[in-house]
Amino acid sequence: MNPYFEIKDTVLINAVLDGAEYGTLAVCHENIPYAVPLNFVRIGEVLYFHGALRNKKMKILADNPNASFSVVENFSLIDSDFSSTEGSACPATQFFKSVSIGGTIEWVESREEKVEVFDALMQKLQPKGGYKPFNDETYDKALKSTAVYKLVPEQITCKFKFGQHLNDERFEMIIRHLQERGTEVDLRTVEEMKKHRRVMSV
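All values reported here derive from a predicted model rather than from experimental measurement. (Residues numbered from 1 in each chain as written. Predicted model: local features only at pLDDT ≥ 70, side-chain atom pairs only at ≥ 80, totals over all residues. Heavy atoms only, no water.)

## Section: the pairing of strand β1 (residues 22-29)
Here's step 1: Across 8 bridges, β1 lies against strand β2 (residues 32-39) in antiparallel orientation. In the strand pairing of β2, glycine 23 is matched with leucine 38.
Here's step 2: Linking two consecutive strands that pair antiparallel, namely β1 and β2, is a turn of 2 residues; a positive phi of about 50° is found at glutamate 30 within it.
Here's step 3: Of the strand pairs in this sheet, β1 and strand β5 (residues 66-78) are connected by 3 bridges, and their pairing is antiparallel. Looking at the pairing, leucine 25 lines up with phenylalanine 69 of β5. (Pairing = 2+ DSSP bridges. Helix = DSSP H or I, 4+ residues; strand = E, 2+ residues; numbered from the N terminus.)

## With respect to the pattern of salt bridges
Here's step 1: Counted by the stated rule, this structure contains 8 salt bridges.
Here's step 2: Here glutamate 192 makes a salt bridge to lysine 97, at a shortest N to O gap of 3.3 Å. A residue pair is termed long-range when its members are at least 10 positions apart, and glutamate 192 in helix α6 (residues 184-201) and lysine 97 in strand β6 (residues 93-108) qualify at 95 residues.
Here's step 3: Owing to a relative accessible area of 10%, glutamate 192 belongs among the buried residues under this scheme. (Salt bridge = Lys/Arg side-chain N within 4 Å of Asp/Glu carboxyl O. Buried < 20%, exposed > 50% of the residue type's maximum accessible area, 1.4 Å probe, protein only.)

## A closer look at the environment of serine 76
Here's step 1: Mapped onto the elements, serine 76 comes out in strand β5.
Here's step 2: For serine 76, a relative accessible area of 1% gives the class buried.
Here's step 3: Taking the C-alpha atoms as reference points, serine 76 and lysine 8, separated by 68 residues in sequence, lie 23 Å from one another.
Here's step 4: If we ignore the near neighbours within four places in the chain, the residues touching serine 76 are Thr93, Gln94, Phe95, Leu178, Arg181, Val185, Asp186 and Thr189.
Here's step 5: One polar contact links serine 76 to threonine 189, side chain to side chain, over a distance of 2.9 Å. (Contact = heavy atoms within 4.5 Å. Polar contact = N/O pair within 3.5 Å; in protein donor to acceptor, adjacent residues only side chain to side chain.)

## Describing the pairing of β5
Here's step 1: Alignment of β5 against β6, held across 11 bridges, turns out to be antiparallel. Within the sheet, the bridge partner assigned to valine 71 lies in β6 and is valine 99.

## Thoughts on the sheet that holds strand β3 (residues 41-43)
Here's step 1: Strands sit in the order β2-β1-β5-β6-β7-β4-β3 across an open sheet of 7 strands; the sheet is antiparallel. This sheet does not close on itself; its edge strands, each paired only once, are β2 and β3. In this sheet, neighbouring strand axes are inclined to one another by 35° on average, regardless of whether the strands run parallel or antiparallel.
Here's step 2: Strands in contact with helix α3 (residues 111-125) are β2, β3, β4 (46-52), β6 and β7 (146-161); relative to β3, the strand with the most contacts, it is inclined by about 120°.
Here's step 3: Packed on one face of the sheet, helix α5 (residues 168-181) meets β5 and β6 and runs near 75° to β5. (Axes fitted to C-alpha atoms, helices over the stretch in contact; angles between N-to-C directions.)

Here you go:
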């Protein structure tokens, strides 16, 4: 990975994970990859998922618990003429934040841990509340009939791409174009560009 883009700050990494509604879990069976988008929640250093007790994904994980998980937070599409006047398509790119985690899947069996997971997931996806906590007996049947599993990380990589590698002229040129286009995501992208440009210049 380009060292300009690599992020090792755990606070920044966790912010991307906690802000993502879903990510993609990739597994492999008999040398054939299989990837599926999933809701998830982070508790400490561990990522938790849930789903049906029996399906293709579960069968694969039973045979091979090795997995990887990735999330992406998209920012602005950078048009080719935003950083170059040469007429080439090559400068066109996307700015983004991404996290990729590799590790091993472990199954959650205890009711207490399942309750903790679902309470955390609901707090993430429905922070306004308005539901009974999962230690209520109302959920007994659902907890028993739902698989909960966790990815214990062994490797974590994080990438923030905001033009940190560009010279000052091209960097400022992109900022001007984004400000002129002026969408909400463009203005957020400008903020991230300036923030991480300062970090790289220290």
